[in-house]
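What the coordinates show
Here are the chains, one letter per residue:
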Amino acid sequence: MTTQQPGWIEKALREHDEHHEHAGPAAPAIPDREQQVLDRIDRARRRRPKVREERITMSHGAGGKATQTLIEAIFLDAFRNPLLEPLEDAAVLAVGGARIALTTDSYVVSPLFFPGGDIGELAINGTVNDLAVSGARPLYLSAGFILEEGFPVADLTRIAASMHDAAAAAGIQVVTGDTKVVQRGKADGCYINTAGVGALDRDVSLGTARARPGDAIIVSGPIGDHGVTIMLARGELDIEADVQSDTAPLNGLVAGLLDAVPAVRAMRDATRGGVATILNEIARSAEVGVLVAEEGIPVRPEVRGAAELLGIDPMYVACEGRLVAVVPGDQADRALAALRAHPLGVHASVIGQVTAEPPGIVQLKTAFGGTRIVDLLVGDPLPRIC
Amino acid sequence: MKFVDEFRDADKAHALAAKIAALCEPGRQYKLMEVCGGHTHTIYKHGLEDYLPESITLVHGPGCPVCVIPMGRVDDAMALAAQPDVIMTSFGDMMRVPGSNGSFFDAKAAGTDIRMVYSPLDSLKIARANPGKRVVFMAIGFETTAPSTAMTIMRAAAENLPNFSVFCNHVTIIPAIKAILDSPDLRLDGFVGPGHVSTVIGCRPYEFIARDYGKPVVVAGFEPLDILQSIYMLMLQLSERRSAVQNQYSRVVPWDGNSTALRVIGETMELRPYFEWRGLGFISHSALAVREEYARFDAELLFKVPGVRVADPKACQCGEVLKGVLKPWECKVFGTACTPETPIGTCMVSPEGACAAYYNYGRMNRHRVTEAAEVGRP
C-alpha cells in the first residue's frame, strides 16, 4: 500500500548530499548547533540557482525568489555579459563618447483601468522610473502593443491619450513602436512593452553593491498604494477602500535628490516585490546587513487596513511611484530635505540603515518590539499586479 | 489602526514580559505548545520570542491545516482535478503543497483547471457560471473552516446545484492534541489553545487536558499581546501548581462555542472512523466526511479517487516538528534540501507552518541579532 518516494524528493536529497560533501570543513569556532545549521542554510542559499519546475508557474512572475532564480538560471546564463550582470534597473552603456542608460519593461496589469491610473500611464512611468533611478535623464521611449482581437478601440484610444499625458509630464517622447494583434483568448485585452534610453550626464555612480555599513535607507513616500489598489480594483475581494495607485514619474524627484546629495549610493523604484525585495537586493549584492524599523515605514492607514485583512505584508506590495535610496549616514538629513521639497517626496522618511552584520540578511525591528527577518517572497499567491 | 494597534503595544509587552520573567522558577525549563499555526505565524511575524526568558521554549503544534494533509491526499486531489471537465477550487496556501508529482501550481501550469478561491462560496459562483463543468472544492482545515464548507454544501443543496461537490479533508483538533499528549517522547508544561477553532467548539472540549493530564490551557487571540498575555496566564497557573482551562480570547470565543456553526457541521458532515495525518499517522475519529444525506455533493463518491497512500519522505521530519519533538532547524533537510521554494515537507509550505515561519522570519541567531540591533541603534 505504500509507494516509493517520489523521484523529485530523491533528486533534491542527492543534490543536498553532494553539496554537503563539497561544503568543506565548518568554521573552527562553533558557537552552537543552531548557528551551524544557519551557516549551512546560508551556504545553500549561495548555491547557483536552478529552476526545478518543468513549467513556468505564476510564482516565476511574482518578483520574489522564483523570479530571481529564473532570471539568474536561464537569462543571465544565456546572455551573460558584464553590462547585464549587475542586474540593475537599467544597463549603463558607452555609445560614441556618451554614456547612456537603456531599460525595458512589459505591462500586463489587470484591470487595465484602475483608480489613479491605467496601463498606459504605468507603461510610461515605469520605464521612466527605471531610467531615473539609474541616475539617467530619461529621453526617448519605444512602445510595443500586443492587442487581443475584439479589444475596444475606444479603450485603446484612452490608453494612448494617457500615455501621451504621462510622457508630457515626464518630459520624454515616444519615438518608435510596434503593434501586433493576436486571436481572441490568446491575450488579455492589451499588453504594452516600453523600452527607454536616458542620458547619463551626471557624474554619479550608483548600484546596490555600493551600500556600506552606516548608510541610511530612505523611502520617498507611503508604500503599497499601487498593489493594494489593483487587488481591490479586481473586485474579487469585496473590500472597498479609498486608495489609488501611486503611479508617477520620479525623474524630477531623483534630480532634486542627486543635486543635493551626489554621493547617493543606490536608488531603486519599488515595483513588483515591493520595498522588501529591494532591501534584500541591497543586502545580497553589497554583502551587508540591513536593519529597518517597522515604525519608520510610511504606510497609509487604508493600505495597512486592507493588507491586514488580506493577510499580506505591505513591505512586499508593489508601488509605481516610490523609490528606495541608500545614502551615506551623515547625509541622510540633507537627502531627506531634498526629497521632501518635491511634491512626490513630502512623506519621505528614513526607514533603517545598513549594518555590517549579518551579511545578506534584512532584519525588521517590529513595532511590537521584536526582531525578525524580512526575506524574499517565494511567489505571490495573488494574481499579477503590474 | 483601530482595534489592532492596541494589541501590538510595545510598552504593554515590556510590562508583561517582566511579569512573565518574575514567574520563572530558577533552574526550571518550561515548554509551552501553541497548538495553532496562526499563533506560530504571529509569534514569528512580530518577533515575540524576544520578550521571553530563555527558560521558556515555545513548541509549535499541529494546528496548521495545510501541514497535516498527507501526500497521498494531495495526489488524490490532483487525480480528481485531472478528470475530464473538472474545475478544482482551493484556498491559496494549498496551492504550493507538494504531492508525489508536484503541487497544484505545477498542475495548473500543465493545464489542469485549478482555481484559487477566498471562500468556498466562490466555488458555487464558478459552478453556476460553468454548467457544463464539474466543480470540486478542495476542503481543508479544522473546525474553523468546516462551518463555511458546511454552509456551502447546504446552499448547493437548497439550489439543487448539480455540478458542485466537495473533496472533504476537514480535521478536528482534539484528537490531534490527545495524540500529542499520549506521545511518549514529549514533555509539555501547558498549551496556548487555538483561538479560531475555539470560536466554533468553545473551551469545554479542552477540559480533559487540565483534568486528566494536569496541563493548563489558555485559549488565546492572534495579536502578539494576546499571546504574551496567555503565556503569562499559563505561567501563573504553573507557579500556583494549578491546571485549568482559561479563555484569554473572550472578546471572540464564547465558552460554549458557536451552536449554529456546530449544528451546520453536524447536519452535513460526520466523523470518519480514522484519517491519516501528515507525520502523525492514522488517528481515529479525527476527520470529517460528507454525510450520506448529502452524498451527491461528496466528490469521494462521485469520482474515482485512487486513495493511494504515499509514505512521508524518509528524510522529512515534519511529524517530529508537528508534535513539537524537534525544532524546525533540527530537521536534517531544513533549509538546504527543504526550503520554501522547494518544500519537501508540508511544514515548509504554509506561512503558518513552523518550518516556513522559522525559515522566513526567524532564521537567525537570537544572540547575534540582539547584538547587531544594539550596535545599530541610532
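Small disclaimer: the values here were computed from a predicted structure and weren't measured.

Points about the overall build of chain B
From N to C terminus, chain B includes 15 helices and 14 strands. For 378 residues, the compact-globule formula gives about 21 Å, and the C-alpha radius of gyration of chain B, at 21 Å, lands near that figure. Taking the principal axes of the C-alpha coordinates as reference, chain B spans close to 65 × 45 × 45 Å. Intrachain contacts of chain B at a sequence separation of at least 6 include 76% that bridge at least 24 residues.

With respect to the overall build of chain A
The helix and strand tally for chain A stands at 10 helices and 15 strands. Against the compact-globule benchmark of 21 Å for 386 residues, chain A has a radius of gyration of 22 Å, which places it among compact chains. By principal-axis analysis of the C-alpha atoms, chain A measures approximately 65 × 60 × 50 Å. Relative to its 386 residues, chain A shows a buried fraction of 48%. Taking as baseline every contact in chain A between residues at least 6 positions apart, the subset at least 24 positions apart corresponds to 82%.

Quick look at the sheet that holds strand β8 (residues 217-219) of chain B
Residues and elements named next belong to chain B. Strand order across the open sheet formed by five strands is β2-β1-β7-β8-β9, with parallel pairing between neighbours. Each edge of the open sheet carries a strand with a single partner, namely β2 (56-63) and β9 (245-247). Here the strands of the sheet are splayed against their neighbours by 20 degrees on average, with no regard to which way each runs. Each of β1 (30-36), β2 and β7 (190-193) is contacted by helix α2 (residues 37-45), which is oriented at about 115 degrees to β1, the strand it contacts most.

Points about the sheet that holds strand β2 (residues 91-95) of chain A
Residues and elements named next belong to chain A. In spatial order, the strands read β2-β3-β8-β6-β7; together these five strands make up an open sheet with mixed pairing. A single partner strand is all that each edge strand has here, and the edge strands are β2 and β7 (173-182). Between one strand axis and the next, the sheet turns by 20 degrees as a mean value, whatever way the strands run. Judged from the five bridges that link them, β2 and strand β3 (residues 98-107) form a sheet pairing that is antiparallel. Residue V95 lies in a different strand from β3, and its bridge partner there is A98.

Some words on the confidence of the model for chain A
Taken as a whole, chain A shows an average pLDDT of 88; of its residues, 91% reach a score of 70 or greater. Below a pLDDT of 50 lies the segment residues 21-30 of chain A, which in the model reaches five contacts outside its immediate sequence neighbourhood of four places, other chains included.

With respect to the packing of helix α5 (residues 120-129) of chain B against helix α6 (residues 146-159) of chain B
Residue and element names in this part refer to chain B. One can describe the packing of α5 onto α6 by two numbers: an axis separation of 8 Å at closest approach and a directional angle of 30 degrees. By the angle between their directions, the pair α5 and α6 is classed as roughly parallel. Of α6, the residues touching α5 (which contributes P120, L121, S123 and L124) are S148, T149, T152, R155 and A156. Here the contact of α5 with α6 is composed, by residue class, of four nonpolar, four polar and one charged.

Calculation rules
Residues numbered from 1 in each chain as written. Chains lettered and ligands numbered in written order. Predicted model: local features only at pLDDT ≥ 70, side-chain atom pairs only at ≥ 80, totals over all residues. Helix = DSSP H or I, 4+ residues; strand = E, 2+ residues; numbered from the N terminus. Rg over C-alpha atoms; globule rule 2.2 N^0.38 Å. Contact = placed C-beta atoms within 7 Å. Buried ≥ 20, exposed ≤ 12 C-beta atoms within 10 Å, placed from the backbone. Pairing = 2+ DSSP bridges. Axes fitted to C-alpha atoms, helices over the stretch in contact; angles between N-to-C directions. pLDDT = per-residue confidence, 0-100. Parallel < 35°, antiparallel > 145°, perpendicular 65-115°, else oblique. Nonpolar A, V, L, I, M, F, W, Y, C, P; charged D, E, K, R; others polar.

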